[in-house]
Amino acid sequence: MLKSISISVLTLAATPALAETGDIADRPGEEIIVSASRSGEGIEADKLGASVTVIAPDTLEARQTRIVSDVLRDVPGVAVNRIGAVGGQTQIRIRGTEANHVLVLIDGIEAADPFQGEFDFGTLIADPAARIEVLRGQQSSLYGSDAIGGVINYITLSGREAPGYAARIEGGSFGTISGGARAAGALGDFDYALSGSYYGTDGYATARGGTRDVGSDSVGATAKLGWAPGEAFELTGVLRYSYTDADTNNSEFDPTSPLFGYTVDSPGVHYTNEAFYGLLSAQFSALDGRWVSTLSGQFADATRKSYTSVGLDYGNKGQRYKGSFTSSLSLGTAALTHRLTAAVDVERENFRSLSPFAFQGKRHTDNLGIVGQYELIGDAFSLGASVRHDDNNRFANATTWRVQGSYRLPTGTRIRAAYGTGVKNPGYYELYGFIDGVYIGNPDLKPEKSEGWEAGVEQSFGADNWATLGVTWFDSKLTDEIFTDYPPPNFVATPSNRATDSKQHGIEAFASAQPIPQLRFDLAYTWLKSRENGVAEIRRPKHVASFNTTVTSADQRLAGTLTLRYNGRATDSAYIDPSYIPVTVALKEYVLVNLGLDYKVSGAISVFGRVENLLGEDYEEVFSFVGSGRAAYGGVRLSF
């Protein structure tokens, strides 16, 4: 029913149309990185001391991105793990940190599930006209808890940035139908952007030797409104809704079975994830735009339920309410700018279990964060420093800080470096989760703490930066790491703080080139060594690489994109011993090859198609969950 309703909505939305979105900036490096500063003004990517990758709207379109996590595989320092088919829980790790160490923003709203303590990327399908910032390294001095590994900022473009109407619908393998629609524009002082996306699939068998197809339905919708009656005032509102209903398979729980601990067909098992997000922001400018203040309020409300064939198995609900005030003053000239920013964040998170097997009650956590930031921005260099103090009613107060700098030589060589600290508070499930005889929470957990540094060099070629190469070394240490322990005498799983340090270091490298308008190359590579107690951490490949090239015909009507994604050998934990103490297993390396074509029939109509996993690679991202086989998709796109 959900699939048929969504298809009807998308078909109706296709009646109007709109122009395609191009690059946000004319040249690489000119993109304004919003997430790198609390001022609201952002900073140009090639003047930032931190490592950042920007995925522009045309890149998402060229690679025919439908699931946001797929394109994040092309970002240096990022590892992606999806449990089975599309819609399965998907975790993103940056620089070897945990998935709950990554702060996720959607249109400026903190999107992590307040109960789980992390964002499930399996619920995020790509919107028309969106861009992504991936800011790596400790960013707690700007955002507080959750930003140890970095920040992923997913932004849908406003009506002024990308006006017009567009719609897309496609179908293909595994009974898949997906689509998206967008209507956006500006009317005087008012601008609007309404967008929606749908992805539905019958799926495929995710158990080794299984026959049960594991499918999903996902819907996302966003309304973004703006009102700017003058240069001194701007009001922005965002509402977002997402819903996912995805089949899943459980592990075999019978200790007498030879498949104990392995994924098996589990008829009737599925989960739903429903989330509402909202933001209202008022920005005031004075002193000819040099003094900018912003008052904002936001909320996130997420409900997750898991079902078996007989009904509700477990579930949880969480809300986050956050109010922020920032004030930023810029002094100096365009050639040399001093920017001072102060910010106050007031936040409450509510948590409640919906599980029928145990009553955990309703709890909340309050946090007050105070931020100070200084930025010195010149034509060829920049310096930055930030500090934040968090006053928390449940955990010890924390102070985090960061310094960074960048300098560009006349030769087109840029050197940069950064050092920072981070903090991550325990999640509600870690504190109070309870499954009799299987898992017991630990309310005495301490926050995790991190510190690390990075140093990088980039080289650009040509007056128009037709090619850029870069390499970065990073090194981090995590203390009081939360891990799952199995203490005697009962050996029941419970979280604890590790007495030893967890260390991550590695190399990130990238290359982007567009020697002629019809040809573009993008390469990314990561070498990672992430260890705890001298043992490699799970689901963190030592080597990850990607290669993308787009070739366009001289008349700009036909374009082809080839994508290769390599995931090196990794380890995982398998609960294949009846003691429930995990066993370390190996995950083999694999290469996924995608090929896409796009042809403009006219100025308003395009047809496209792609083949994913062209070579039919047999792989697993998570132990005992089979990855997708070869698949083909095709569709039509309208834009006016």
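1. Some points on the overall build of the chain
Counting secondary structure elements, the chain contains 5 helices and 40 strands. At 24 Å, the chain has a C-alpha radius of gyration in line with the 26 Å of a compact globule built from 640 residues. Each principal axis of the C-alpha distribution contributes one length, and for the chain these read about 70 × 55 × 45 Å. At a minimum sequence separation of 6, the contacts of the chain that also span at least 24 residues come to 63%. For the chain, the exposed surface amounts to about 26,100 Å²; the carbon and sulfur share of it is 61%. Counting 56 positive and 74 negative side-chain charges, the chain places the averaged centre of each group 1 Å from the other.

2. Some details on a nonpolar patch on the surface
A surface patch of nonpolar side chains, amounting to about 590 Å² of accessible area, comprises Ile169, Leu558, Leu597, Tyr599, Val601, Ile605, Val607 and Val636. When contributions to the nonpolar patch are tallied by element, the ones reaching two or more residues are strand 36 (590-600) and strand 37 (605-612). Along the polypeptide, isoleucine 169 turns up in strand 10 (residues 164-172). On the basis of relative accessible area, isoleucine 169 is assigned to the partly exposed category, the value being 31%.

3. Some points on the pairing of strand 34 (residues 570-574)
Every regular strand shows the same layout, with side chains that alternate between the two sheet faces. Burial of the side chains of strand 34 is restricted to one face: Ala570, Asp572 and Ala574 are buried, whereas none of Thr571 and Ser573 on the reverse face is. Bridge count between strand 34 and strand 35 (residues 583-587): 5 bridges; the pairing is antiparallel. Its bridge partner lying in strand 35, threonine 571 is registered against alanine 586.

4. Section: the packing of aromatic side chains
Both the distance between ring centres and the angle between the ring planes are used here to describe each pair of aromatic rings. Taken as a whole and judged by the stated rule, the model has 16 aromatic pairs. Measuring from ring centre to ring centre gives 6.3 Å for phenylalanine 461 and tryptophan 466, while their planes differ by 45°; the resulting arrangement is tilted. Exposure remark for phenylalanine 461: the relative accessible area of 35% places this residue in the partly exposed category. Classification of tryptophan 466 by relative accessible area gives partly exposed; the value is 37%. An aromatic cluster of at least three residues, connected via ring pairs, comprises Phe115, Phe351, Tyr428, Tyr429 and Tyr432. Its end group placed over the ring of tyrosine 271, arginine 304 keeps NZ or CZ at 4.1 Å from the ring centre.

5. Looking at the side chain of serine 39
By secondary structure assignment, the location of serine 39 is in the loop between strand 1 (32-33) and strand 2 (43-44). You can call serine 39 buried: its relative accessible area is 1%. Only 2.8 Å separates the side chain of serine 39 from the side chain of serine 37, close enough to count as a polar contact. In this structure the side chain of serine 39 is engaged in a polar contact, spanning 3.1 Å, whose partner is the backbone nitrogen of glutamate 41. Setting aside anything within four residues of it in sequence, one finds serine 39 in contact with Ser328, Arg339, Thr341, Gln373 and Glu375.

6. Quick word on the environment of glycine 629
With respect to the helices and strands, glycine 629 occurs in the loop between strand 39 (625-626) and strand 40 (631-639). Along the chain, glycine 629 and glycine 568 lie 61 residues apart, while their C-alpha atoms are 18 Å from each other. In this structure, glycine 629 is in contact with Phe174, Glu612 and Asn613, ignoring residues within four places of it in sequence.

7. Brief notes about unusual backbone geometry
Notably, asparagine 465 is not glycine yet its phi reads approximately 50°, a positive angle. On the secondary structure map, asparagine 465 appears in the loop between strand 25 (448-461) and strand 26 (467-479). At asparagine 613, a position not held by glycine, the phi torsion is positive, near 50°. On the basis of relative accessibility, which here comes to 4%, the residue asparagine 613 falls in the buried class.

8. With respect to the sheet that holds strand 7 (residues 109-110)
If you trace the 5 strands from one edge of the open sheet to the other, you get 3-8-9-6-7, paired in mixed fashion. Each end of this open sheet is capped by a strand with a single partner; those strands are strand 3 (51-55) and strand 7. Bridging between strand 3 and strand 8 (residues 130-136) involves 5 bridges; their strand directions are antiparallel. Following the sheet pairing, valine 54 is matched in strand 8 by glutamate 133.

9. Examining the pattern of salt bridges
In total, this model carries 45 salt bridges according to the counting rule given. Across the salt bridge formed by arginine 208 and glutamate 620, the nearest N and O atoms sit 2.7 Å from each other. Of this pair, arginine 208 sits in the loop between strand 12 (190-205) and strand 13 (213-230) while glutamate 620 sits in strand 38 (residues 620-622), and the two are 412 residues apart along the sequence. For glutamate 620, a relative accessible area of 16% corresponds to the buried category. As a salt-bridge pair, glutamate 481 and arginine 498 come within 3.3 Å of each other at their nearest N and O atoms. Taken together, the residues span a long stretch of sequence, with glutamate 481 in the loop between strand 26 and strand 27 (482-485) and arginine 498 in the loop between strand 28 (494-497) and strand 29 (502-516) at a distance of 17 residues. On the basis of relative accessibility, which here comes to 10%, the residue arginine 498 falls in the buried class. Through salt bridges that share partners, Arg95, Arg136, Arg414, Arg416, Glu454, Glu458 and Glu508 make up one connected network.

10. What to know about the nonpolar core
Of all hydrophobic cores here, the largest spans 30 residues; its most connected members are Leu72, Val78, Phe119, Phe121, Ile132, Val134 and Ile152. The set of elements that each furnish at least two residues to this core consists of helix 3 (68-71), strand 4 (78-82), strand 5 (90-94), strand 6 (102-106), strand 8, strand 9 (150-156), strand 15 (270-286) and strand 16 (291-308). In this structure, Ala36, Val52, Leu135 and Val151 belong to the second largest nonpolar core, which totals 15 residues.

11. Considering the environment of glycine 40
Following the sequence through the fold, glycine 40 ends up in the loop between strand 1 and strand 2. The class of glycine 40 is partly exposed, set by a relative accessible area of 46%. Considering only alpha carbons, one finds glycine 40 and threonine 341, 301 residues apart in sequence, at a separation of 9.4 Å.

12. A word on the pairing of strand 10
Across 9 bridges, the pairing between strand 10 and strand 11 (residues 176-187) is antiparallel. The residue of strand 11 that forms the bridge with glycine 164 is alanine 184. Linking strand 10 back to strand 11 in an antiparallel pair, the connection comprises 3 residues, with phenylalanine 174 at a positive phi of about 60°. Bridge count for strand 10 against strand 40 is 7 bridges, and the pairing is antiparallel. The residue of strand 40 that forms the bridge with glycine 171 is glycine 634.

13. A look at the environment of aspartate 213
Within the secondary structure, aspartate 213 sits in strand 13. Residue class for aspartate 213 comes out partly exposed when judged on its relative accessible area of 43%. For the pair formed by aspartate 213 and valine 601, sequence separation is 388 residues and the distance between their alpha carbons is 36 Å. In contact with aspartate 213, other than residues within four places in its own chain, are Asp202, Gly203, Tyr204, Ala205 and Asp247. Here the side chain of aspartate 213 touches alanine 205 through a polar contact of 3.5 Å, landing on its backbone nitrogen.

14. Brief notes about the confidence of the model for the chain
For the chain, mean pLDDT is 92; residues scoring 70 or higher make up 94% of the total. Long-range and interchain partners of residues 1-27, a stretch whose pLDDT sits below 50, account for 66 contacts in this model, where long-range means more than four residues apart.

Cut-offs and rules
Residues numbered from 1 in each chain as written. Predicted model: local features only at pLDDT ≥ 70, side-chain atom pairs only at ≥ 80, totals over all residues. Heavy atoms only, no water. Helix = DSSP H or I, 4+ residues; strand = E, 2+ residues; numbered from the N terminus. Rg over C-alpha atoms; globule rule 2.2 N^0.38 Å. Contact = heavy atoms within 4.5 Å. Areas by Shrake-Rupley, 256 points an atom, 1.4 Å probe, with all protein chains shown as cover. Lys, Arg positive; Asp, Glu negative; His and termini not counted. Charge placed at Lys NZ, Arg CZ, Asp CG, Glu CD. Patch = residues over 30% accessible without salt bridge, like charges linked within 9 Å, V, L, I, M, F, W, Y side chains within 5 Å. Salt bridge = Lys/Arg side-chain N within 4 Å of Asp/Glu carboxyl O. Buried < 20%, exposed > 50% of the residue type's maximum accessible area, 1.4 Å probe, protein only. Pairing = 2+ DSSP bridges. Phe/Tyr/Trp six-rings, centres within 6.5 Å; stacked < 30°, edge-to-face > 60°. Lys NZ or Arg CZ within 6 Å of the ring centre and 35° of its normal. Polar contact = N/O pair within 3.5 Å; in protein donor to acceptor, adjacent residues only side chain to side chain. Core = buried A, V, L, I, M, F, W, Y, C linked by side-chain atoms within 4.5 Å. pLDDT = per-residue confidence, 0-100.

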